[in-house]
Amino acid sequence: MRHVSCVVSSCPGLRLMGCSKWRAALNLGHLRVQSKLSVFFTMIILFTYLFYCLNGYCDSLPRPVYDQQSNHQNKITLNDGASQQEKITHNASQVFREQMSDFSDGSSDNISIANTFGSKKFPQAIIIGVKKGGTRALLEFLRIHPDVRAVGSEPHFFDRFYDKGLDWYRNLMPRTLEGQITMEKTPSYFITKEAPRRVFSMSRHTKLIVVVRDPVTRAVSDYTQTLTKSPGLPSFQNLAFRNTTTGLIDTTWSAVRIGIYAKHLENWLRFFPLSRLLFVSGERLVTDPAGEMGRVQDFLGLKRVVTDKHFYFNQTKGFPCLKKPEGSSRPRCLGKSKGRPHPQIPSEVLHRLRDFYRPFNLKFYQMTGHNFGWD
């Protein structure tokens, strides 16, 4: 007070204001400085948060991972301490899914509750093959199930992009809640030598699905697809045989090599027991989609939600389509690239190819304990 009184007495203008007004002026100035500092620090925090979000850090925490039991170098510990809010959200979502399943036709294509909540996990199940066997149809049928969350495109992580690391791979996955499973499909995994070891390093508990089809018709379908992209391609017989006179099969041609299922399966059985693999018949997926889907759902530990009520046979395309979902103007069928008409292949060529595959098919039947009836 002595200092304030001195200042007031030394200035006539301040003398008129009085000490109380002088203190008020000082306090007001102090509050303005505090307000400006608060705004300044708030802006710093806001810009820092935006910077980290734009660079993808916001989505990375927390990051729980599926495989708690694996002791491999890429293991990440599951965060059991889920927040109370996440638990409440899951419980509400679970009740909603159960109520919807009572009257849903399964065409909701994974209700988007889990797009905002849940966590990204490594896939507990992978469709690993085979190309042109019916893998796309199987994935689309599975996506009807409310407890299946799947990547739409093929990640090709275990054959092409493994050097990007497991964090990159997991970030591709959709978010899932407790009780849902994460899936992906990349048919080329089945024939990739390094893929079994790499999948095993991620999780030895991964469930593997292989969709197989008569290797001869599969090879012709494979050739047909390539022909649409490269119209100047040599004939099927010129590519299938090293020498058309002797009938020696060219096993280096991928369309032929993929169909030697027994050889590729041996590679996977070095890392996974047979109980971890399910072999789906590509033919039965066309003639009895509900029956094969029942086997798949059982293998995945899912309730049999996808049944015969979801399918009808499209005579034009020659394979089953999903019935019209609610709110949609047309049924869901696979794209134009599926069900292409095959070129005419000489019967002698097909006969020689069947003779080539026969011993491999018999070995495959023995290995899997299932006769697919291709001979």
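Parameters and conventions
Position numbers for residues start from 1 in each chain and track the written sequence from start to end. Thresholds applied to this predicted model are a pLDDT of at least 70 for local features of residues and 80 or more for the giving and counting of side-chain atom pairs; totals over whole chains, interfaces and linings are not thresholded and use all residues. With hydrogens and water set aside, each side-chain value is computed from the structure's full complement of heavy atoms. Helix and strand assignments follow DSSP, with helices taken as H or I runs no shorter than four residues and strands as E runs no shorter than two, numbered in order from the N terminus. Think of it in three bands: with a 1.4 Å probe and only protein chains considered, a residue is buried below 20% of the maximum accessible area for its type, exposed above 50%, and partly exposed in between. Whether two residues are in contact is decided by their heavy atoms, any of which lying within 4.5 Å being enough. Areas reported as accessible are Shrake-Rupley estimates using a 1.4 Å probe. Residue values count occlusion only from the protein chains shown. A carboxyl oxygen of Asp or Glu within 4 Å of a side-chain nitrogen of Lys or Arg is what we treat as a salt bridge. UniProt positions are given in the numbering used here, feature names are shortened, and annotations may be inferred rather than shown by experiment. Pairs of N or O atoms within 3.5 Å make up the polar contacts considered here, provided that, within protein, one atom can donate a hydrogen while the other can accept it, and that residues adjacent in sequence are counted only when both atoms are side-chain atoms.

The name given to the chain in an unreviewed UniProt entry is Sulfotransferase, with Gymnodraco acuticeps as the source organism.

A. Broad picture of the overall build of the chain. Of regular secondary structure, the chain possesses 13 helices and 11 strands. In the chain, buried positions account for 41% of the 375 residues. Partitioning the intrachain contacts of the chain with sequence separation of at least 6 by distance along the chain shows that 70% fall at a separation of at least 24. A total accessible area of about 20,600 Å² is found for the chain, and carbon and sulfur atoms account for 55% of it.

B. Focus on the pattern of salt bridges. One pass over the structure, following the stated rule, counts 16 salt bridges. Across the pair Arg218 and Asp222 runs a salt bridge whose closest N-O atoms are separated by 3.1 Å. A residue pair is termed a helical-turn pair when its members lie 3 or 4 positions apart in one helix, as Arg218 and Asp222 do in helix H7 (residues 215–229) at four residues. Residue classification places Arg218 among the buried residues on the basis of a relative accessible area of 0%.

C. Fine view of helix H4 (residues 135–142). For H4, the tally of buried residues reaches eight of eight residues, placing the bulk of the element in the interior. Listing the buried residues of H4 in full gives Thr135, Arg136, Ala137, Leu138, Leu139, Glu140, Phe141 and Leu142.

D. Local environment of the UniProt feature "binding site: 3'-phosphoadenylyl sulfate" (unreviewed entry) in the chain. Within this numbering scheme, the UniProt entry marks Lys132, Gly133, Gly134, Thr135, Arg136, Arg213, Ser221, Lys338, Gly339, Arg340, Pro341 and His342 as carrying the feature "binding site: 3'-phosphoadenylyl sulfate" (unreviewed entry). Considering the arrangement of structural elements, one finds Lys132 in the loop between strand E2 (125–129) and H4. Within the element layout of this structure, Gly134 appears in the loop between E2 and H4. Among residues more than four places away in sequence, those in contact with Gly134 are Val211 and Leu285.

E. Representation of the side chain of His264 in the model. Of note, His264 is situated in helix H10 (residues 261–269). Here Arg257 takes part through its backbone oxygen, which lies 2.9 Å from a polar atom of the side chain of His264. What His264 contacts, discounting residues up to four positions off in sequence, is Phe190, Ile191, Arg257 and Ile258.

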